[in-house]
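# Analysis of the macromolecular model
Chain by chain, the residues:
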Amino acid sequence: MTISQAAGNVCTVSALNTKKHQTTNSVDSEVIYLPNTDCTIKPQASLSAFTSYRVGGAADLYVAPRNLESLQASLKYAKERNLKVTTLGAGSNLLVSDRGISGLVIATRHLRFSNFDPQTGQLTVAAGESIPSLALAAAELGWQGLEWAVGIPGTVGGAVVMNAGAHNSCIADMLVSAQVLSPDGTLETLTADQLGYGYRTSLLQGGDRIVTQATLQLAPGADPAKVVAITREHKKHRLSTQPYNFPSCGSVFRNPKPYSAGWLIEQTGLKGYQIGGAQVAQLHANFIVNRGGAKASDIFCLIRHIQHQVQERWSINLEPEVKMLGEFQGACG
């Protein structure tokens, strides 16, 4: 199944054009236009608008392909120029350094496609599709299996990479296969077993392969009204127990079983603790929120402070669930 909902032709890198682009600080910079497409590679693109924390510096180069062919062309462009590639989904589980990200940042959020197959009960969906929207769409069709995911911020691609989960369910429980793209442009289809899933992790983490689409096994045929009701109840629970009134990345730390990270942080007395514009949320201590004007360094230093305090009190090392991109050395003085 091909990922394609983009208008116009696909990107190619065989005939690159560059045009002067006037930036906000009146310094000319070159935007790379891929001819006969709506695909552009932009220099010094601010990433703060593309992360749920609303912080972070600029990408050296940024591209947001709208189909598989454009994604492959973007990777080819990077390979030919020996550029480091960083993949960005919805930016909901990321902390981008104030110093930005070197190389080429490829955003997959515009890879959109979904197909519900009633014969098999399988849902094939592109990496850029929103998890909450997908959960609601499945519920409205009477398909069971994604009710838990309605409160998960992010995209399918990110969920597959990190094995996103909630309410004792996770992507690994229902993943049939994932299509991944290697830096050399080749596609490979991997099963859940081949992805080596664990708690909030997979073999894709820290690697250079990009998830392009996934196939999930769901259960069609239920009463849509009942599935929607359960899905909305899950969403209501998330909204009542987690802070959504300020920007955040979701849960900051993995739960060190048998404890929950939120309980450990709360018992350490850190609820409400603040560095700059970053604060440990009052509603849920495993959330750090941007109260306004926070820098990535504020959030990073608060993460390190929490880790230190919990280690001192409980002799437990809290492992971040949030992925940190860019350079943070010296951020805390």
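Residues numbered from 1 in each chain as written. Predicted model: local features only at pLDDT ≥ 70, side-chain atom pairs only at ≥ 80, totals over all residues. Heavy atoms only, no water.

## Quick notes on the state of the cysteines
Throughout this description, disulfide means a covalent bond between two cysteine sulfur atoms. As a reminder of what qualifies: Note on terminology: pairs of cysteine sulfur atoms within 2.5 Å are recorded as disulfides. In this description a helix means any DSSP run of H or I spanning at least four residues, a strand means any run of E spanning at least two, and both kinds are numbered starting from the N terminus.
By the definition in use, this model includes 1 disulfide. Through a disulfide, C301 is tied to C332; the S-S separation comes to 2.1 Å. Its S-S torsion of about -120 degrees marks the bond between C301 and C332 as left-handed, since a negative value means left-handed. One end of the pair, C301, is in helix α6 (residues 296-314); the other, C332, is in the segment after β18 (323-325), and 31 residues separate them in sequence.

## Re the UniProt feature "active site" (unreviewed entry) in the protein chain
For clarity, the threshold we go by: UniProt positions are given in the numbering used here, feature names are shortened, and annotations may be inferred rather than shown by experiment. A simple rule labels every residue: compare its accessible area, found with a 1.4 Å probe on the protein chains alone, to the largest value its type can have, and call it buried under 20%, exposed over 50%, or partly exposed in between. Throughout, a contact is declared for two residues whenever any of their heavy atoms are within 4.5 Å. N or O atoms within 3.5 Å of each other form a polar contact, as long as, within protein, one can give a hydrogen and the other can take it, and as long as residues adjacent in sequence are counted only when both atoms are side-chain atoms.
Mapped onto this numbering, the UniProt entry gives "active site" (unreviewed entry) at R200, S251 and E321. For the annotated residues, spread through 122 residues, the largest C-alpha to C-alpha distance comes to 11.2 Å, consistent with a single compact locus. Note that R200 resides in the loop between β13 (187-191) and β14 (210-217). Residue class for R200 comes out buried when judged on its relative accessible area of 14%. Ignoring anything within four residues of it in the chain, the contact list for R200 reads M162, N163, A164, G165, A166, C170, Q205, R254 and E321. One polar contact links the side chain of R200 to the main-chain carbonyl oxygen of G165, over a distance of 3.0 Å. Relative to the elements of secondary structure, E321 occurs in the loop between α6 and β18. Each residue touching E321, except ones within four places of it in the same chain, is listed here: N93, M162, Y199, R200, S251, V252, F253 and R254.

## Observations concerning the side chain of T51
Mapping T51 onto the fold places it in the loop between β3 (40-46) and β4 (58-63). Polar contacts involving the side chain of T51 include one to the main-chain carbonyl oxygen of V55, which spans 3.2 Å. Apart from residues no more than four positions distant in its own chain, T51 is found in contact with G91 and V96.

## Quick notes on the sheet that holds strand β12 (residues 175-181)
Quick reminder of the rule: Any two strands between which DSSP finds at least two bridges are classified as paired. Here the axes come from fitting lines to C-alpha atoms, over the contacting stretch only for helices, and the angles between their N-to-C directions go from 0 to 180 degrees.
Spatially, the 5 strands line up as an open sheet ordered β8-β9-β14-β12-β13, and their pairing is antiparallel. Since the sheet does not close on itself, it has two edges, and those belong to β8 (114-117) and β13, each with one partner. On average, adjacent strands in this sheet sit at an angle of 15 degrees to one another, irrespective of strand direction. Bridging between β8 and strand β9 (residues 122-126) involves 4 bridges; their strand directions are antiparallel. The partner of S114 across the bridge, within β9, is V125.

## Topic: the nonpolar core
Note the following rule: Each nonpolar core is a collection of buried residues, namely Ala, Val, Leu, Ile, Met, Phe, Trp, Tyr and Cys, held together in the definition by side-chain atoms within 4.5 Å.
Within the largest apolar cluster, 34 residues are counted, with the highest numbers of intra-cluster contacts made by L146, W148, V160, L175 and L195. For this core, the elements supplying multiple residues, two or more each, are β9, α2 (131-140), α3 (156-162), β12 and β14. Apart from residues no more than four positions distant in its own chain, L195 is found in contact with V160, L175, A178, L190, S202, L203 and L204. Grouped together as the second largest cluster of nonpolar side chains are 27 residues, C249, A261, C301 and V310 included.

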